[in-house]
Amino acid sequence: MMEQVPGALGTSASLALRLGQAIFASASLLFMCLDVEFYSYTSFSYLVTVMGLVTPWSVSLALVDAYSVFIKCLPRQPRVLLIVILGDAALSFLSLAAASSTASVTSLLVTASASFCPSKSCSRYQLSAAMAFLSWFLSFASTLFNLWLLPSL
């Protein structure tokens, strides 16, 4: 009998984690892309690129989880789980780097002067960084849950 780890691939908790990742990554993209000026800063462009990768990854794995939860048949194979873990880990670290760099540049812009970043734009950049941090947290949790499941296969 296979061990059921809450949050591992194919469970309802994993579905919730994936949907949260997709929602927060999409919100981060939305808040960043509302302003056309974000291309002026490399860290903002990096955040948009990473969140653009996280969103389809999370949505596709959410579909796998939904299929597994509702149909109740997903063969757990070590190679497939390893690919999911490696993808989650890579995107998790990229998300953390993007969120951290965006938060630091936004903090620098806020303290520098209002001429670099109007308050409306800076608040959107701060919200985008916060959503990216939330997406990273859920992605890292998903990585750890799946890593916990791997030795039992």
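Residues numbered from 1 in each chain as written. Predicted model: local features only at pLDDT ≥ 70, side-chain atom pairs only at ≥ 80, totals over all residues. Heavy atoms only, no water.

### Re the nonpolar core
Operational definition: Definition of nonpolar core: a set of buried residues of the types Ala, Val, Leu, Ile, Met, Phe, Trp, Tyr and Cys, connected through side-chain atoms within 4.5 Å. Three exposure classes are used, based on accessible area relative to the maximum for each residue type with a 1.4 Å probe and protein chains only: buried under 20%, partly exposed in between, and exposed over 50%. Helix and strand definitions follow DSSP, with helices as H or I runs of at least four residues and strands as E runs of at least two, each counted in order from the N terminus. In what follows, residue pairs with any heavy atoms lying within 4.5 Å of each other are defined as contacts.
By size, the foremost hydrophobic cluster in this structure holds 17 residues, and its most contacted members are M32, F38, F44, L47, M51, V54 and Y125. Looking at this core, the elements that each hand over two or more residues are helix 1 (12–33), helix 2 (42–71), helix 3 (78–112) and helix 4 (119–149). Per element, the largest residue contribution to this core is 6 residues, and it comes from helix 2. When near neighbours in sequence (up to four residues on either side) are disregarded, M51 contacts A25, S28, L29, S95, A132 and S135. Formed by 8 residues, the second largest nonpolar core is a distinct cluster that contains A8, L61, L81 and L149.

### Description of the pattern of salt bridges
Stated precisely, the cut-off is as follows: The salt bridge definition used is simple: a Lys or Arg side-chain nitrogen within 4 Å of an Asp or Glu carboxyl oxygen.
Here the structure, examined in full by the defined rule, presents 1 salt bridge. The salt bridge involving R18 is made with D88; its shortest N-O contact spans 2.7 Å. Here D88 lies in helix 3 and R18 lies in helix 1, a separation of 70 residues in the sequence.

### Here's the deal with the side chain of N146
Formally: Any N or O atom pair separated by 3.5 Å or less is treated as a polar contact, with the protein-specific requirement of one donor-capable and one acceptor-capable atom, and with residues adjacent in sequence counted only for side-chain atom pairs.
The topology assignment puts N146 in helix 4. A relative accessible area of 0% places N146 in the buried class. One polar contact links the side chain of N146 to the main-chain amide nitrogen of L9, over a distance of 2.7 Å. Beyond its immediate sequence surroundings of up to four residues, N146 is in contact with G7, A8, L9, R18, L81, V84, I85 and D88.

### Describing the packing of helix 2 against helix 4
Just so we agree on the cut-off: Think of each axis as a best-fit line through the C-alpha atoms, taken over the contacting stretch in the case of a helix, with angles from 0 to 180 degrees between the N-to-C directions. Between 65 and 115 degrees an angle is taken as roughly perpendicular, under 35 as roughly parallel, over 145 as roughly antiparallel, and anywhere else as oblique. Working rule for handedness: look at the near helix, and if it is turned counterclockwise from the far one by less than a right angle, call the crossing left-handed; if clockwise, right-handed. Charged means Asp, Glu, Lys or Arg here, nonpolar means Ala, Val, Leu, Ile, Met, Phe, Trp, Tyr, Cys or Pro, and polar covers whatever is left, Gly included.
Their axes nearest at 12 Å, the elements helix 2 and helix 4 cross at an angle of 40°. With respect to helix 4, the axis of helix 2 lies oblique. By crossing handedness, the relation of helix 2 to helix 4 is classed as left-handed. Counting all contacts with helix 2, which are made through F44, L47, M51 and V54, the residues of helix 4 involved are Y125, S128, A132 and S135. Here the contact of helix 2 with helix 4 is built from residues that sort into 6 nonpolar, 2 polar and no charged.

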